[in-house]
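Spelled out from the first residue to the last, the chains are:
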Amino acid sequence: MPREHIVVEGARQNNLKELNLKLPLHELIVVTGVSGSGKSSLAFDTIYAEGQRRYVETFSPYARQFLDRMDKPQADRIDGIPPAIAIDQTNPVRTSRSTVGTMTELNDHLKLLFARCAQLYCKGCGALVRRDTPDTISRAIARPPRERKKRGTSLGLITFPVRVPENFSEKEIRELLNKQGYTRIHRKQGRLLEVIQDRTELEPGRRARLVESLEAALRHGQGHVTVYELNTEREAHSPRKFSSSLHCPACDIHYADPIPSHFSFNSPVGACDVCRGFGRTMGIDYGLVVPDVTLSIADGAIRPWQTGTYRECLGDLKRHAKLNGVPIDVPWKRLAAKQRKWVLEGEGPESEGRWYGVKRFFEYLETKSYKMHVRVLLSKYRSYDVCTACAGARLKQESLLWRAGARKNADKVLPSASRFHPEGVSMSTETLRALPGLTIHDVVSLPISSCRTFMEDLQLPGALDEASELLLTEIRSRLRYLVDVGVGYLTLDRQSRTLSGGEVQRINLTTALGTSLVNSLFVLDEPSI
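Residues numbered from 1 in each chain as written. Predicted model: local features only at pLDDT ≥ 70, side-chain atom pairs only at ≥ 80, totals over all residues. Heavy atoms only, no water.

Q: Looking at this structure, I do not really get the confidence of the model for the protein. What am I missing?
A: When pLDDT drops low, the exact placement of atoms in the prediction is not to be read closely. Confidence along the protein averages 86 in pLDDT terms, with 96% of residues attaining 70 or more. Across the protein, helix 16 (residues 440-445) holds the top mean pLDDT of 94, while helix 6 (residues 145-151) sits lowest at 59. (pLDDT = per-residue confidence, 0-100. Helix = DSSP H or I, 4+ residues; strand = E, 2+ residues; numbered from the N terminus.)

See below:
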């Protein structure tokens, strides 16, 4: 017969006095009492400790050495206790790499979703970048009879590029092409030859020939092919370029195949090279360097140089200021902007006998940061600035070019003007706002309630496998748990160390519930849910 109760007899842990009780299973039980009455001693130090201890005892001796083992509670007998999970209000997280998304493992699911389901848009022109096949190219270039009559002809030219290597001459390459039957060159641009594969009718009825020619052109052109439409005089119109790899033909930019690590700031593959996935960089706060703008340089406006150790730097400044006509007895705020910039940034390295500036002084200190007193000095003037390379998104530029969802899904949760604009992209703001879907940074920056709405409406492309559908279902489930416990106002990129104890407890509870464990004992410390 299955047990229906947790039976505790003779519990005397901490301030408990021979406590006997029966706790029904499959019920919500609340333990109340004044401070010091033994609530935590019963819930955590007795019931949870015994449930956790027994669960750990089921592992092999080798595995147990890697797990936290709790002492057996002082009690005569404890029966019917299931494996226990404790969820308290403490927030032990101190690293800025931990976010709500990493705590709930939603970041792991999102990076898999984007690697499988997102679409790439070129950073130069904003066009959709995808792999072309002979079949898709033939469908794109084939002209229906109605349009053929309008243009007067449906002739087209299929070409592929051949670049002349540095250790070969153009004559040698042309001879090699002649041996393979390619005798016609459409045009030459530098060391690039555009070889004619076929001249044929671009009609749906010629699909077999089109596909065969395109296959050969892609093979010889290393995945690149160009198609020209010809007019009645057989003159070529503007080219249409295609590629069998992730390559934008219009901008001639190649992109790497997506993998989950590309969408994780905790992986060196996806993390921004400048901030290394932190979203911020350390610098110098010149507001701390010059804290009192009413002082002049002579009166001590540059604070780090008022000690005897670096008094020499102040002497250098006064000497160079006199040579450059910068007054040292005028309050800092009354100096011209050009003069203040000269003091802070300098004019050249000291080795050239020029004024090195406050900036190079701190750069020199950075090279000596292995010394304790130098690190202490630097800490007094530290600033933490948003990374200029990723604008705080933590990821590399290419990872922020992938987008998931349709235009209507994105407009429902985030106005186009508020969407993230990756640093370094060439496309215009108008082009960016017209793109469908959201980047992974847009998704994690949404409130969880809005993120849930976006994921509920997200439709996956029909060609994806069942695993992608299961992945999306799991994401929706975890977001629903977070909204249900009342933390829908948080964002997935919120740093864990900034959360309150109650918020941490709710997030930990959703993490436990997301695992769909059954017959488990959850012990909560003063829940606010």
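Q: Would you mind going over unusual backbone geometry with me for this structure?
A: Among all residues save glycine, negative phi is the norm, and among peptide bonds the norm is trans. Of note in this structure, Arg276 is not a glycine but carries a positive phi near 60°. The residue Ala391 is not glycine, and still its phi comes out positive at about 60°. Structurally, the position occupied by Ala391 is in the loop between strand 15 (382-386) and strand 16 (402-403). Taking relative accessible area as the criterion, Ala391 reaches 28% and is therefore assigned partly exposed. (Buried < 20%, exposed > 50% of the residue type's maximum accessible area, 1.4 Å probe, protein only.)

Q: Is there a simple way to explain the sheet that holds strand 6 (residues 128-129) in this structure?
A: Sheets are built from strands paired through backbone hydrogen bonds, the pairs being either parallel or antiparallel. In space, the three strands of this open sheet follow the order 6-5-16, with antiparallel pairing throughout. Taken across any chain shown, the strands that pair with only one partner, and hence form the sheet edges, are strand 6 and strand 16. Here strand 5 (residues 119-121) pairs with strand 6 via two bridges, running antiparallel. Along strand 6, the bridge assignment pairs Leu120 with Val129. (Pairing = 2+ DSSP bridges.)

Q: Teacher, can you tell me more about helix 8 (residues 207-220) here?
A: An α-helical segment advances 3.6 residues per turn. Residues three or four places apart therefore align on the same side. Under the 1.5 Å per step criterion, the end-to-end length of helix 8 is 20 Å for 14 residues, consistent within 8% with the ideal 20 Å. All of the buried residues along helix 8 are Leu210, Val211, Ser213, Leu214, Ala216, Ala217 and Leu218. Elements that come into contact with the buried residues of helix 8 comprise helix 5 (134-141), strand 7 (155-163), strand 9 (192-201) and strand 10 (224-229). Gln222 sits one or two positions beyond helix 8 and adopts a positive phi of about 55°. (Expected span 1.5 Å × (residues − 1). Contact = heavy atoms within 4.5 Å.)

Q: So what exactly am I meant to see when it comes to the nonpolar core here?
A: Note that soluble globular proteins tend to have their nonpolar side chains buried in a common cluster. In terms of nonpolar packing, the biggest core is built from 56 residues, with Leu110, Leu113, Tyr255, Leu438, Val443, Met455 and Leu492 touching the most fellow members. The set of elements that each furnish at least two residues to this core consists of helix 3 (100-103), helix 4 (106-117), strand 5, helix 14 (407-413), helix 16, helix 17 (448-457), helix 18 (466-484) and helix 19 (501-514). Considering every element that reaches this core, the biggest residue donor is helix 4, with six residues. The contact partners of Leu110, leaving out residues within four places of it in the chain, are Ile440, Val443, Val444, Met455, Ile475 and Leu492. The next biggest cluster of nonpolar side chains, apart from the first, holds 28 residues, and it includes Ile284, Ala321, Val343 and Trp355. (Core = buried A, V, L, I, M, F, W, Y, C linked by side-chain atoms within 4.5 Å.)

Q: Honestly, the layout of surface pockets in this entry has me stumped. Any pointers?
A: As a volume, the largest pocket reaches approximately 940 Å³. As for the largest pocket, its lining consists of 27 residues, of which Leu28, Ile29, Phe522, Val523 and Leu524 are closest to the centre. For the lining of the largest pocket, the leading source of residues is helix 1 (residues 39-57), giving six residues. Tallied by class, residues from the lining of the largest pocket come to 19 nonpolar, four polar and four charged. What the second largest pocket holds in volume is close to 710 Å³. Mapped onto the lining of the second largest pocket, the elements with two or more residues apiece are strand 7, helix 7 (170-179), strand 8 (185-189), strand 9, strand 10 and strand 11 (240-243). Within the lining of the second largest pocket, the residues separate by chemical class into 13 nonpolar, nine polar and five charged. (1 Å grid on protein atoms, 1.4 Å probe; cavity = no way out; pocket = protein on both sides within 12 Å on 5 of 7 lines; lining within 4 Å. Points joined across faces, edges and corners; volume = space filled by probe spheres on them. Nonpolar A, V, L, I, M, F, W, Y, C, P; charged D, E, K, R; others polar.)

Q: Please clarify how helix 1 should be interpreted in this entry.
A: Taking 1.5 Å of rise per residue, the 19 residues of helix 1 would be expected to cover 27 Å, and the 26 Å separating its terminal C-alpha atoms lies within 8% of that figure. The largest bend in helix 1 is about 35°, located at Ala49. (Bend = angle between axes of the 7 residues up to and from the residue.)

Q: So what exactly am I meant to see when it comes to the sheet that holds strand 2 (residues 19-24) here?
A: Strand order in the open sheet formed by three strands is 2-1-3, and the pairing between neighbours is antiparallel. Unpaired on one side and paired on the other, strand 2 and strand 3 (77-79) mark the two borders of the sheet. Each strand of the sheet is rotated relative to its neighbour by a mean of 5°, with strand direction disregarded. As defined by bridge partners, strand 1 (residues 5-11) adjoins strand 2 across five bridges and the pair is classed as antiparallel. Counterpart to His5 in the pairing with strand 2 is Pro24. (Axes fitted to C-alpha atoms, helices over the stretch in contact; angles between N-to-C directions.)

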